[in-house]
Amino acid sequence: MLGLMRLVVIGGVAAGMSAAARARRVDPSLEIVVLERGPYVSWAACGLPFYVSGRVATLDDLILHTPEYFQRERKIDVRTGAEVVAIQPARRQVVLRGGERLGYDKLVIACGARPAREISGADRPHVFTLHTLEDARSLRGFLEQRNPRRAVVVGAGYIGLEIADALAQRGLSVTVMEASSDVLGRQDPELTRLVGRHLSAQGIELHLGASVSAIQADAVDGKPTDLVVLATGIRPNVELAADAGIELGRHGAVRVNERMETNLAGIYAAGDCAETVHIVTGAPAYVPLGTTANKMGRVAGANAAGRRERFPGVAGTLIVALRDMVVAVTGLSVAQARQAGFSPVAVRIEAPDRSRYMGADPTWVQLVADRVTSRLLGGSVVGKRGVAGRINVIAAALAAGMSAEQFAQLDLAYTPPVAPVWDPLLVAANQLRRALD
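For the structure given in this document, a descriptive report is provided here. (Residues numbered from 1 in each chain as written. Predicted model: local features only at pLDDT ≥ 70, side-chain atom pairs only at ≥ 80, totals over all residues. Heavy atoms only, no water.)

Observations concerning helix α3 (residues 67–74)
- Considered for burial, the residues of α3 that qualify are Pro 67, Tyr 69 and Phe 70. When α3 is viewed along its axis, its buried side chains cluster within an angular range of 160 degrees and face the same direction. (Buried < 20%, exposed > 50% of the residue type's maximum accessible area, 1.4 Å probe, protein only. Helix = DSSP H or I, 4+ residues; strand = E, 2+ residues; numbered from the N terminus. Arc of directions from axis to C-beta.)

Printed below as a string of structure tokens:
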């Protein structure tokens, strides 16, 4: 393979494998090497809570492709257990633990992130995170072998809520402790009230304003427990990049432009280790989600292979599936819009998710717009059915820069078993128009 251009990708999960696969499609002659320090590549991290609950039977069900698959079908050299300890841009090479040096023509950094564990006692044997397949294996093994009765989940982001629900489904008494005054980081009191009411109905206690300072052998800040799961957020793995002289951004992740290029020629970054742009505010954003990582990886891989593609940014669209309730958000809440310098106007409505005579359930929709321009800024949807479709409509409207008036005129589908003649989105949009007027 002497003389071929070589692309090296550091990291073999969502962003890394998306980059490698996209680069291969763009340039079939490119030599591609993926270096993954862990034992697995291309696996579904978002399925971990459902493995813990038992809804996913085995961890093998979460492994999408093996290194052998990529070697055989894509002609991509995937090396697991290969930890990069240094990047040397001047020599265009990376250094692996053990001393091997591997040259590159183009480099994609997709090192991901790691769980935040800055709490005293986080290293105790009954304390877990849920970030890797091994994390999930250990947690489920603890549940099956030790039969704990009480659990504390620290953090009420999407992972915290999903793992709390998973543990409650296994029969544990669950308490969620969140340092802030809301869930999902939205600064939205009404959304927090809806979620809190649902959790309470499932027997899950939600304690807000509960900053955890220490974990004891049988308690968290005095709350008795047999099991603790930390869901306090993640930190981007940027040490390799920073040591190599690659600039970091406002949020502490790698700074990239719309083509996923770093400040160093020939080096790209994507996924949970990199910043992106928020499409509503235009400001740098750190949104570590699987969907974001895959799309950033595709753009990085295409450009490393010679294309000129761009990633426009994200709206922060997020959906959480709990028992009998799905919660989804996109764009900005009222508080976030105000902090970003907008003059927000918002409405929240409750409407049936389908025709009442078909056995409807309530859906709650919030829409936020800017008073000055009438531009849609964000929204949330909570309900049993149709939540994903409705939040995706709002996300698409944000990407298109729609006004409240344009949104209210959308031609949405209607059939009694699935959606009412006036979809909850349109009900909310009409109220939003009146509020703006």
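A closer look at helix α8 (residues 290–304)
- For α8, spanning 15 residues, the distance from its first C-alpha to its last is 21 Å, which sits close to the expected 21 Å at 1.5 Å a residue.
- The set of residues buried in α8 consists of Thr 292, Ala 293, Met 296, Gly 297, Val 299, Ala 300, Gly 301, Ala 302, Asn 303 and Ala 304.
- Looking at the buried positions of α8, the neighbouring elements they touch are β1 (6–10), α1 (14–26), β7 (106–109), β17 (267–269) and β18 (276–277).
- Phi turns positive, to about 115 degrees, at Gly 306, one or two residues after α8. (Expected span 1.5 Å × (residues − 1). Contact = heavy atoms within 4.5 Å.)

Things to note about the sheet that holds strand β23 (residues 362–370)
- Ordered in space as β20-β21-β24-β23-β22, the five strands form an open sheet in which the pairing is antiparallel. Of all strands in the sheet, those bounded by a partner on one side alone are β20 (318–322) and β22 (344–352). Across the sheet, the mean angle from the axis of one strand to that of its neighbour is 10 degrees, orientation sign disregarded.
- In terms of strand pairing, β23 meets strand β24 (residues 376–383) through six bridges, oriented antiparallel. Residue pairing across strands places Gln 366 opposite Ser 380, the latter belonging to β24.
- Where helix α10 (residues 387–400) meets the sheet, its contacts fall on β20, β21 (325–331), β23 and β24, and the angle it forms with β24 comes to roughly 180 degrees. (Pairing = 2+ DSSP bridges. Axes fitted to C-alpha atoms, helices over the stretch in contact; angles between N-to-C directions.)

A look at the environment of Glu 190
- When you line up the elements, Glu 190 lands in helix α6 (residues 189–201).
- Judged by its relative accessible area of 27%, Glu 190 is partly exposed.
- A distance of 2.6 Å separates a polar atom in the side chain of Glu 190 from a polar atom in the side chain of Arg 193. (Polar contact = N/O pair within 3.5 Å; in protein donor to acceptor, adjacent residues only side chain to side chain.)

Details of the sheet that holds strand β9 (residues 127–128)
- If you walk across this open sheet you meet the five strands as β9-β15-β10-β11-β12, and the pairing is parallel. Two strands close off the open sheet at either side, each with one partner strand: β9 and β12 (204–208).
- Relative to strand β15 (residues 227–230), strand β10 (residues 150–154) runs parallel, the two being bridged by four bridges. When the bridges of β15 are listed, Val 153 appears paired with Val 229.
- Sheet contacts for helix α5 (residues 158–169): β10, β11 (173–178), β12 and β15; angle to β10, the most-contacted strand, approximately 170 degrees.

Here we look at unusual backbone geometry
- Look at Asn 147: it is not a glycine, yet its phi comes out positive at around 50 degrees.
- By secondary structure assignment, the location of Asn 147 is in the loop between α4 (133–146) and β10.
- Judged by its relative accessible area of 57%, Asn 147 falls in the exposed class.
- Although it is not a glycine, Leu 184 adopts a positive phi angle of roughly 60 degrees.

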